[in-house]
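Architecture and fold: a report
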Amino acid sequence: VENSLDAGADDIRIELKAGGKTLIRVTDNGSGMTREDVQAAICRHATSKLAGIDDLRTLSSFGFRGEALAAVAAVSRMTIETSPDESGEGTRLEVEAGDPVEVAVTGRPRGTTVTARTLFFNLAPRRSFLKSDSYELKVIVETVRGYALAWPAVRFTVVADDRTLFNLPPAATTRERIAELYDRRVAEALVELRVENPLLTVSGYLSDHTQLRAFFDVQMVYFNRRPVRSRVVTRALYDAYGPALGSNRPNFVVFFETDPARLDVNIHPTKEEVRFSDERFLFDFLSEAASKALGLRRGTQTGADEFLFQQTMTTEESLPSGFWQVHNSYIMAQVTTGYIIVDQHAAHERVLYEDMLGTRRTVQPQGLLFPITVELSPEEHEAWELVRGQLPEIGLEAHAFSGRTVVIETVPAGSFLGKAEVREFFAELVRVRRAKGNIADEVVKVMACKGAIKAGQKLSQQEMESLVNRLFACREPYFCPHGRPAVLRVTVEELDRKFGRT
Ligand code: ADP
Ligand code: MG
């Protein structure tokens, strides 16, 4: 079936006998094969889907390892009938236990029919491991359903022992397919999900939270239309329902489209498990997108350039009379000898600087809910090339998107790098480079400066406390990396003197 989809077919018919044990036949109207190609196709590692080594990273077809046909041919009596054009003429190849036994001309329309008879006829022990006909049939039907959901425009027909199990007409949407395959009510109780960003598109359907039931009919996940299992996806979707879920189980059919280079699809021999390169990002992104689609948790959504800040500043806390913020720029705090005034920007700059420089390993990358995309000038791009290897060490993970566009996926945890700051960061890199400064050293300073909270930013009590504590854990808390003071200290004696008490 994957080969038929790869061949661009829009009509795929699957015929089975005895749960596939005595016959599995797949007929498609795809691109077909020439007489030479069909003979090569049954050899191990023969594939038409790789033109060069680079394709391995960017492949969007299902196949490329050239193993399926060879593997099935080796354990069955196989017939392949195929034609690459509308001439009405094609090739018939008979294969027995992997060896071609006859090649003949045959009449047939464009497309391919692969018939595998008497599976494992030459491998009795393996044959004995097959389960009952009805069980094997069920597994096959589930597999076909999986493809049918992802390819609604393709007609799928399944005929088992001369009984048509389904004949799915081409549909415009997966929702229509769901209605055909399951039940119209199942399809109607779904909300649609669709979120795009430069790295990832998520689309699909999931149960409306008001219509949850104890059992699900369908839970399918796809990466680039490949059915996969992904625990992180299931967890993120369950998370999206919050308390509404209870002990219910939602239906979902979710499609991810992403650059194939970001997926590791071949860790599992049958390719059904994938790992996304950044599962943490995936979880947050999906859970947020799904709860929005469900109309839940509206209050916490963030803007496109904002990042997921762990201790969000959404709750307005009333400040106790002791620890407070002046003009949203300075933090006043009592200490045993008097009080201190902390410049919040300079302090945070110092904290980030030491985090990055002194104990680099403690800098955690923080996944962005919405990765930041920036178009760099030629000069900025050059500067970036110089320092890009160093950036992940300080929590900034970025990669080239296309041309001079760069996508920022993580920022140093606890920093305030948003799109504007990222722009400034690159501009600053160019200035440092022009001034012939040591760019490697300067990167950390520039990043600390751009990532630090600014004057004028309101902080919660918790954030103020955390900032002051982190500052005093620094080696050099009293100055920002540029040498400006970060803390002023006023003693009680000084106050006493000024008020004429002594
Ligand atoms: P892979 O799909 O990894 O390339 P397969 O063993 O599944 O390996 O198939 C080998 C080759 O046979 C494919 O690359 C393709 O060129 C050809 N092929 C197999 N099935 C079909 C089909 N239904 N239509 C057209 N070509 C096919
Ligand atoms: Mg294949």
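Residues numbered from 1 in each chain as written. Chains lettered and ligands numbered in written order. Predicted model: local features only at pLDDT ≥ 70, side-chain atom pairs only at ≥ 80, totals over all residues. Heavy atoms only, no water.

The protein chain has the name DNA mismatch repair endonuclease MutL in an unreviewed UniProt entry, where candidate division WOR-3 bacterium is given as its organism. Quoted verbatim from the Sequence similarities (unreviewed entry) heading of the UniProt record, the comment on the protein chain is "Belongs to the DNA mismatch repair MutL/HexB family." (UniProt positions renumbered as here; feature names shortened; annotations may be inferred.)

**Here's the deal with the environment of tyrosine 353**
Considering the arrangement of structural elements, one finds tyrosine 353 in helix α11 (residues 344-357). Its relative accessible area of 15% is what places tyrosine 353 among the buried residues. (Helix = DSSP H or I, 4+ residues; strand = E, 2+ residues; numbered from the N terminus. Buried < 20%, exposed > 50% of the residue type's maximum accessible area, 1.4 Å probe, protein only.)

**Focus on the site of ligand 1**
Taken together, 19 residues surround ligand 1, and among them Asn3, Thr47, Ser48, Lys49 and Gly66 come closest. Serine 48 places a side-chain nitrogen or oxygen 2.4 Å from an oxygen atom of ligand 1. In the model, a nitrogen atom of ligand 1 is placed 3.3 Å from a nitrogen or oxygen of the threonine 112 side chain. Going through the elements one at a time, α1 (2-6) and α4 (68-74) are the ones with two or more residues in the shell around ligand 1. Considered class by class, the residues forming the shell around ligand 1 number seven nonpolar, eight polar and four charged. (Near = heavy atom within 4 Å. Polar contact = N/O pair within 3.5 Å; in protein donor to acceptor, adjacent residues only side chain to side chain. Nonpolar A, V, L, I, M, F, W, Y, C, P; charged D, E, K, R; others polar.)

**Section: the pairing of strand β21 (residues 405-412)**
Counting buried residues in β21 gives eight out of eight residues, a clear majority hidden from the surface. Examined bridge by bridge, strand β20 (residues 397-402) and β21 share five bridges and lie antiparallel to one another. When the bridges of β21 are listed, serine 402 appears paired with threonine 405. Connecting β20 to the antiparallel partner β21 that follows it, the hairpin turn spans two residues, and glycine 403 within it adopts a positive phi of roughly 55°. (Pairing = 2+ DSSP bridges.)

**Topic: the sheet that holds strand β22 (residues 487-491)**
Sheet strands associate in pairs through backbone hydrogen bonding, adopting either a parallel or an antiparallel arrangement. One open sheet holds the four strands; their spatial order is β16-β17-β18-β22, and the pairing between them is antiparallel. Across the chains shown, the open sheet's two edge strands, defined by having one partner strand only, are β16 (324-326) and β22. Strand-to-strand twist of the sheet, defined as the mean angle between neighbouring strand axes without regard to direction, takes the value 25°. Sheet topology note: the β16/strand β17 (residues 330-335) ladder contains three bridges and is antiparallel. (Axes fitted to C-alpha atoms, helices over the stretch in contact; angles between N-to-C directions.)

**As for the state of the cysteines**
Under the criterion given, the structure shown has zero disulfides. The thiol of cysteine 449 is unpaired, and the distance to the nearest cysteine sulfur, on cysteine 480, comes to 7.9 Å. Judged by relative accessible area, which is 2%, cysteine 480 ranks as buried. (Disulfide = S-S within 2.5 Å.)

**Observations regarding helix α9 (residues 231-241)**
Within α9, the full set of buried residues consists of Val232, Val233, Ala236, Leu237, Tyr238, Ala240 and Tyr241. Just beyond α9, the residue with positive phi is glycine 242, at close to 60°.

**A few points about the packing of helix α6 (residues 133-150) against helix α7 (residues 174-181)**
Two elements in contact, α6 and α7, have axes whose closest approach is 8 Å; the angle formed by their N-to-C orientations is 150°. Residues Arg145, Ala148 and Leu149 of α6 touch α7, and the partners they reach there are Thr174, Arg177, Ile178 and Leu181. Per-class residue counts for the contact of α6 with α7 are four nonpolar, one polar and two charged. (Contact = heavy atoms within 4.5 Å.)

**A look at the sheet that holds strand β6 (residues 111-117)**
Ordered by their spatial adjacency, eight strands build an open sheet running β5-β4-β3-β6-β2-β1-β7-β8, and the pairing between neighbours is mixed. Strand pairing shows two members of the sheet lacking a second neighbour, β5 (99-107) and β8 (163-168), which therefore form its edges. The mean inter-strand angle of the sheet, taken between neighbouring strand axes irrespective of direction, is 10°. Where strand β7 (residues 155-160) meets β8, five bridges bridge the pair, whose relative direction is antiparallel. Bridge pairing links valine 158 to phenylalanine 166 in β8. Where α6 meets the sheet, it contacts β1 (11-17), β7 and β8, and its direction lies at approximately 15° from that of β8. Against the sheet, α7 contacts β7 and β8, and its axis sits at roughly 160° relative to β8.

**Quick look at the pattern of salt bridges**
A complete count under the given rule lists 20 salt bridges for this structure. The closest approach of N and O atoms between glutamate 196 and arginine 194, which form a salt bridge, is 3.2 Å. On the basis of relative accessible area, glutamate 196 is assigned to the exposed category, the value being 53%. Notably, a salt bridge pairs arginine 431 with glutamate 428, separated by 2.9 Å at the nearest N-O pair. (Salt bridge = Lys/Arg side-chain N within 4 Å of Asp/Glu carboxyl O.)

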